[in-house]
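# Survey of secondary and tertiary structure
Given next are the chains, with one letter for each unit.
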Amino acid sequence: MTTPAATGPSVVRTGPARGGDTGLVVCLAFAALTGAIVAGLGSPIVWEVAQDRSVSIPDAQWGLIITLVVGVVGTPVLSRLADGRLRKQLLIGALLLVAGGSALALVPTFPALLAARAFQGFGYAMVPLTVSIAREQLEGVVLLRTLGVLSTSVAVGVGLGNPAIGLCVMVGGYPVAFGLAVVVAASAAYWVWRRIPVSGATVGEVRVDWPGALLLGGGLTATLLVVARGDIWGWTSAPVLGLAPVALVLLALWVVVELRVAAPLVDLRLTCARGVLGVNLAAFLLGIGVFGGVTVVILVVQRPVDTGLGLGQSVFVTGLLMLPMALASFFSPPGARWLEVRLGSRAVLALGALLVAAAFAVFAVLHSALWHVALMMLVLGIGIGVAYSVMPALIVARTPEHRTASATGINQVLRLMGGAVGSAVTAAVLSTHTPAGAVHPTVTGYVAAALFSCGGAVVAAALAGVLLPPRPGTRP
């Protein structure tokens, strides 16, 4: 079966992979996993933070919001800088920021905790940073396999990190989890320093579009605040009604700037090019489904049994239930590559999205036993592994080599934005189905939220089928 050449520059080297690449691949995978584990540290500890720092649950949730804000703003900036010759230095610097920020959480004040979570937001930039290094240093089949591993690192990191975080909370509270994050991030920085080569002389310098970065940062931050806090502030409250138009104006100005400057932070023409646009929209919609749906699952698993719905499990058990997702995400990319050769990337991406949708559809029907959750997590992990593993190859095949980091970075940002939207809409759905004076939503609320996540994944599959080029394979 022949594979047509992709349009644009060749991106996958045809020669054999260079010897000694195994250690480099493992090092990059560890760095990417470190970012995912640390960035997702706040989800299981909201209740513990509220109790320990004497703050309300909504205030404790700022530990989640501020990490997403920094991730959304910092990822495209670091990704653009990584298109130059300082890729290794940027990866080390981001890991050290994460390690130093984690240490701040050991200071017993709530502002210190927020600062720590802000620094940990740079963990979301690990995927585009490691992808750019992989593309420069690797080739052939090794490159394709590494791209799949790095793209699924967020799901794998969350699945592997949550049990460890839950165990730390059981042993000594959430400060122990932040102490572990310091050790892991610092170790990753040292390993990268020792193992990753510096970029070659052929890699040129880059200019950062700082006006575009400020506009994008302000617009995305305002949007994320509206999405994440709208349910708490009230969708008709003054903060929401004030921030929403500000976000629209800033993002509109950002589009104008990006279309006019010579070296834009995000090449909108490239981002919206045929093939790439479909991948980016699918990433956004899958982010809505995955983040929002997993939130529903965690709430049901931890909800007390005596409320009539819920499994009454601890943070540690909840983390263990996510292991099937992590393992399936890690081991499914080889199968996705096998299918890609036979069916093409468009079909494989759509298949992965449909598996994600099937997982939440299963949960909407079956959610009364632990094995129900384990089953849906397994299906979810396979879907994530299949869909996310082909995304980097699709982007890389249509992106000039010197713009790899920024192109994959905006894809990562769209995943995060989709996750924020999914989480906010899930909260709104559950709020709507919470009776007056009650603490917990009704069963219908959880089912509706799960079906919403299912719908986001179905739309992602449909867009992949419509917007991606109808030809088998993507490898040039």
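Rules used in this analysis
- Residues numbered from 1 in each chain as written.
- Predicted model: local features only at pLDDT ≥ 70, side-chain atom pairs only at ≥ 80, totals over all residues.
- Heavy atoms only, no water.
- Helix = DSSP H or I, 4+ residues; strand = E, 2+ residues; numbered from the N terminus.
- Buried < 20%, exposed > 50% of the residue type's maximum accessible area, 1.4 Å probe, protein only.
- Contact = heavy atoms within 4.5 Å.
- Areas by Shrake-Rupley, 256 points an atom, 1.4 Å probe, with all protein chains shown as cover.
- Axes fitted to C-alpha atoms, helices over the stretch in contact; angles between N-to-C directions.
- Parallel < 35°, antiparallel > 145°, perpendicular 65-115°, else oblique.
- Left-handed = near helix turned anticlockwise from the far one by under 90°.
- Nonpolar A, V, L, I, M, F, W, Y, C, P; charged D, E, K, R; others polar.
- Patch = residues over 30% accessible without salt bridge, like charges linked within 9 Å, V, L, I, M, F, W, Y side chains within 5 Å.
- Salt bridge = Lys/Arg side-chain N within 4 Å of Asp/Glu carboxyl O.
- Core = buried A, V, L, I, M, F, W, Y, C linked by side-chain atoms within 4.5 Å.

### Quick look at the overall build of the protein chain
From N to C terminus, the protein chain includes 21 helices and zero strands. Burial analysis of the protein chain (476 residues in total) assigns 54% to the buried set. A separation of at least 24 residues holds for 83% of the contacts in the protein chain among residues at least 6 apart in sequence. Here the protein chain has roughly 18,100 Å² of accessible surface; of this, 72% comes from carbon and sulfur atoms.

### With respect to the packing of helix H14 (residues 276-302) against helix H21 (residues 443-467)
Put simply, H14 and H21 touch, their axes get as near as 8 Å, and they point 165° apart. As far as their axial angle goes, H21 and H14 are roughly antiparallel. For the pair H14 and H21, the sense of crossing is left-handed. In this structure, H14 uses Gly278, Leu281, Ala282, Leu285, Leu286, Ile288, Gly289, Gly292, Gly293, Val296, Leu299 and Val300 to contact H21, whose residues at the interface are Tyr446, Ala449, Ala450, Phe452, Ser453, Gly456, Ala457, Val459, Ala460, Leu463 and Leu467. Tallied by class, residues from the contact of H14 with H21 come to 17 nonpolar, six polar and no charged.

### Considerations on a nonpolar patch on the surface
Among the surface-exposed residues, Leu97, Leu104, Val107 and Phe119 lie close enough to one another that they form a single nonpolar patch of about 270 Å² accessible area. Relative to the elements of secondary structure, Leu97 occurs in helix H5 (residues 87-104).

### Brief notes about the side chain of Ser453
In this structure, Ser453 sits in helix H21. In this structure, Ser453 is in contact with Ile288, Gly289, Gly292, Gly293 and Phe360, ignoring residues within four places of it in sequence.

### Quick look at the nonpolar core
If you look at the biggest cluster of nonpolar residues, it comprises 52 residues, and the most contacted ones within it are Leu286, Leu349 and Leu380. Those elements that provide at least two residues to this core are H14, helix H18 (345-365), helix H19 (370-396), helix H20 (404-432) and H21. Look past the residues within four positions of Leu380 in its chain and what remains in contact with it is Val290, Val294, Met325, Val356, Ala359 and Phe360. Membership of the second largest hydrophobic core comes to 33 residues, among which are Leu95, Ile133, Leu147 and Val396.

### Section: the packing of H5 against helix H7 (residues 126-137)
Between H5 and H7, the least distance of the axes is 10 Å, while the angle of their chain directions is 155°. Considered as vectors, H5 and H7 are oriented roughly antiparallel to each other. As H5 runs across H7, the sense of the crossing is left-handed. In this structure, H5 uses Arg87, Lys88, Leu90, Leu91, Ala94, Leu95 and Val98 to contact H7, whose residues at the interface are Met126, Leu129, Thr130, Ser132, Ile133 and Glu136. Tallied by class, the residues present in the contact of H5 with H7 amount to eight nonpolar, two polar and three charged.

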